[in-house]
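Inside the fold
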Amino acid sequence: MDYRESKVLRFLYHTVPGRVLLKVVTSPIISKIGGAYMNSKGSVRHINKFIEKNNINMDEYHIEKWESFDYFFTRRIRSECRPIDKDEDAFISPCDGRLSVYDIKEDTSFEIKGSHYTVESLLMDEKYYSEFAGGKALVFRLCVDDYHRYGYSADGHIQSLLNVKGKLHTVRPIALEKYPVFIQNARSVTLIKTNNFDTIAQVEVGALMIGKIENHKTEGPVYKGDEKGMFHYGGSTIVILTKKGVLNIPEHDEEVKVKYGQRIN
């Protein structure tokens, strides 16, 4: 984040006029306008500068004639660049990103990047706390230069999928000082009964200027490493909740970089 961007975000989140303006810029209509531009031919002019600024290795991706910036942003990666660990006991990362791991402790909330969070507020239903108490919360933070398609961490079957509407706020750290970002952001909640890791909840969380979290399936069987969906333009986060004793991963709030398909347990 450069100096000018920092000044803008501080104005939006730390001043009265800024917070008034924030209500406007985070409204669904503004997000739709931004999304429409990113899907237009005019947005193509931003692609080369974006690649250069973020040091993206385009050798890893399928090169096409980009019809829009969003078409480029949701580009497909070459399968050999993201090998999937097929061992039955391997729980894999569903995406490229920075991974933090938290214990889900009884009668407490856990913290995700400055937001105090409960299972109930994340999944929009208090009944799920007892189901995941004592388990793990895996938080994958995607940056704009990451691959923005994501997959399934294990074989299984979709039990339910819920799309939660919300106000779209930036996931940058400054936003977390004033707003419980993950609670207010739009998100998609999928409960999956896996073959080897019991029931998990996978939650995709949108951010400012992401008008759409696109999931391909709403029901049926799923397979580890298969593509689940994609984030359209912006920075985003995926949270996976597991039950007690399912994953033996130590708690750590220091982010570790992981890749789609990499074993994490």
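See above for the structure.
1. As for the overall build of the protein chain
The secondary structure content of the protein chain amounts to nine helices and 13 strands. When contacts within the protein chain are restricted to residue pairs at least 6 apart in sequence, those whose partners lie at least 24 apart make up 74%. Split by element, the accessible area of the protein chain, about 13400 Å² in all, is 51% carbon and sulfur.

2. Some details on the sheet that holds strand 6 (residues 156-164)
Ordered in space as 10-6-7-8-12-4-1-13, the eight strands form an open sheet in which the pairing is antiparallel. Edge strands, defined here as strands with exactly one partner in the open sheet, are strand 10 (220-222) and strand 13 (252-258). Ignoring strand direction, the axes of neighbouring strands in this sheet form an average angle of 30°. Judged from the six bridges that link them, strand 1 (residues 97-103) and strand 4 (residues 136-142) form a sheet pairing that is antiparallel. By the bridge assignment for strand 4, V101 is matched with L138.

3. Section: a nonpolar patch on the surface
A cluster of nonpolar side chains, F11, L21 and V24, forms an exposed patch at the surface whose accessible area comes to about 250 Å². Mapped onto the elements of the fold, L21 is located in helix 2 (residues 16-25). In this structure L21 comes out as partly exposed when scored by relative accessible area, which is 39%.

4. Overview of the packing of aromatic side chains
Across all of its chains, the model carries 11 aromatic pairs by this definition. Summarising the aromatic geometry, the rings of F50 and F69 are spaced 5.2 Å apart at their centres and angled 85° between planes, so their arrangement reads as edge-to-face. Pair noted here: F50 is in helix 4 (residues 47-53) and F69 is in helix 5 (residues 69-73), with a separation of 19 residues, a long-range link. Taking the relative accessible area as the measure of exposure, F50 reaches 11% and is therefore buried. For F69, a relative accessible area of 2% translates into the label buried. Ring centres of F50 and F73 lie 6.5 Å apart, and the angle between their planes is 70°; this geometry places the pair in the edge-to-face category. Of this pair, F50 sits in helix 4 while F73 sits in helix 5, placing them 23 residues apart in sequence.

5. Quick look at the nonpolar core
Ranked by size, the top nonpolar core spans 23 residues in total, and within it F91, L99, L138, F140, I238, I240 and I264 carry the most contacts. Within the residue set of this core, elements represented by two or more residues are strand 1, strand 4 and strand 12 (236-242). Per-element tally for this core: the top contributor is strand 4, with three residues. Contacts of I240, omitting those with residues within four sequence positions, involve F91, P94, K136, A137, L138, F140, S153, I200, A201 and Q202. Counting 19 residues, the second largest nonpolar core, distinct from the first, contains Y129, F132, A133 and V189.

Reading the values: the criteria
- Residues numbered from 1 in each chain as written.
- Predicted model: local features only at pLDDT ≥ 70, side-chain atom pairs only at ≥ 80, totals over all residues.
- Heavy atoms only, no water.
- Helix = DSSP H or I, 4+ residues; strand = E, 2+ residues; numbered from the N terminus.
- Contact = heavy atoms within 4.5 Å.
- Areas by Shrake-Rupley, 256 points an atom, 1.4 Å probe, with all protein chains shown as cover.
- Pairing = 2+ DSSP bridges.
- Axes fitted to C-alpha atoms, helices over the stretch in contact; angles between N-to-C directions.
- Patch = residues over 30% accessible without salt bridge, like charges linked within 9 Å, V, L, I, M, F, W, Y side chains within 5 Å.
- Salt bridge = Lys/Arg side-chain N within 4 Å of Asp/Glu carboxyl O.
- Buried < 20%, exposed > 50% of the residue type's maximum accessible area, 1.4 Å probe, protein only.
- Phe/Tyr/Trp six-rings, centres within 6.5 Å; stacked < 30°, edge-to-face > 60°.
- Core = buried A, V, L, I, M, F, W, Y, C linked by side-chain atoms within 4.5 Å.

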